[in-house]
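Here's the letter readout for the chains.
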Amino acid sequence: MDHTKINLLVKLQHLDNQIESIVSLQKGLPEEIDALDEDLVFTSRQIESRKKIADDHLKTRTHLHEAINECKNKILNFKEKQTLARNNKEYDALSKQIEYEEKEIAQADIKLQDIVHAIQRSQEIQKKGRLLIAENRYDEITEDMMPDDVLHQQLEDLKKQIDQKKEELESIVIETAEDVDSLKKKMKAQRLLIASEAKRLLDKYDHLRSGVLNNAVVKLNRNACSGCNTRVPTNRHTLIVQGGFYLCESCGRIVVHERLFEEAQG
Ligand SMILES: [Zn+2]
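Residues numbered from 1 in each chain as written. Predicted model: local features only at pLDDT ≥ 70, side-chain atom pairs only at ≥ 80, totals over all residues.

Re the overall build of the protein chain
Counting its secondary structure elements, the protein chain contains 7 helices and 4 strands. Compactness check: the protein chain gives a C-alpha radius of gyration of 39 Å against a globular reference of 18 Å for 266 residues, more than 25% above the reference. Across its three principal directions, the C-alpha atoms of the protein chain cover 130 × 40 × 30 Å. Sorting the 266 residues of the protein chain into buried and exposed places 14% on the buried side. Taking as baseline every contact in the protein chain between residues at least 6 positions apart, the subset at least 24 positions apart corresponds to 63%. (Helix = DSSP H or I, 4+ residues; strand = E, 2+ residues; numbered from the N terminus. Rg over C-alpha atoms; globule rule 2.2 N^0.38 Å. Buried ≥ 20, exposed ≤ 12 C-beta atoms within 10 Å, placed from the backbone. Contact = placed C-beta atoms within 7 Å.)

So, in structure tokens, the structure goes:
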């Protein structure tokens, strides 16, 4: 049996393992950043929609106050005209106009009250949220209950966290870029070599790795496949010790002696 072929494959697995361990240095940071980004978008939207409501309230209030002032001026004007009225008919006509303006003012006042009540309601709801936060009952808090200041603080915290994590990730990527690059080049060369020397082994390797397995080639550990811990039959030990390989009956991985990995490292 030609053992040099399996050595070529172990070398490829060794390179793969090295890249894997570099990627694991990123400690799930990319996924963490994505999740934080989603929270940031959600929080920003909440703040924006509250701001829009507040802006609308302010605009409506200003408009209503202007309308009321206008009515009041008209009333003053009508009352002045009444002192100059030449007869009852003229006087009554002006009274009706004053009445109309007073009704307009009353309606505007109701609308202003509605806004005040809406603001009070949302403040009460936020007060409830603040109580729940104080009692750590976060799962009971609805969107409306989040107090404005807490929401703004949350946004700032998220921004800071994202910046921090991005910085951390970037420095890891920069630090490891050269190594990853050189490993990828080595892997490419190794694959070409195996493709010409032992195509079937390479196919087996790729097939195993196309599934959920990261490690297609594993060490024999305490007489078992170190991928799945299934015992390797005794009559295969000699072959493995001699530098051959065994296909695990349980997981399908290629089992070799650990010496081969040491050699691949060298
Ligand atoms: Zn196995």
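Topic: unusual backbone geometry
Its identity as a non-glycine residue notwithstanding, Lys27 has a phi of 45°, on the positive side. Residue position: Lys27 is located in the loop between helix H1 (4-23) and helix H2 (29-83). Overall, Lys27 belongs to the partly exposed group, with 13 C-beta atoms counted inside 10 Å. Within the chain, Asn136 stands out as a residue other than glycine whose phi angle is a positive 60°.

Some details on the packing of H1 against helix H4 (residues 148-197)
For the pair H1 and H4, the least separation of the axes is 9 Å and the interaxial angle reads 160°. Between H1 and H4, the angle is such that the two are roughly antiparallel. Considering the relative orientation of H1 and H4, their crossing is left-handed. Contacts between H1 and H4 pair Lys5, Leu8, Leu9, Lys11, Leu12, Leu15, Asp16, Gln18, Ile19 and Ile22 from the former with Thr176, Asp179, Val180, Leu183, Lys186, Met187, Gln190, Arg191, Leu193, Ile194 and Glu197 from the latter. (Axes fitted to C-alpha atoms, helices over the stretch in contact; angles between N-to-C directions. Parallel < 35°, antiparallel > 145°, perpendicular 65-115°, else oblique. Left-handed = near helix turned anticlockwise from the far one by under 90°.)

Examining the domain arrangement of the protein chain
Under the domain assignment used here, the protein chain contains domain 1 (4-25 + 179-265) and domain 2 (29-166). Between domain 1 and domain 2, the C-alpha centre-to-centre distance is 67 Å. (Domains from an automatic or database assignment.)

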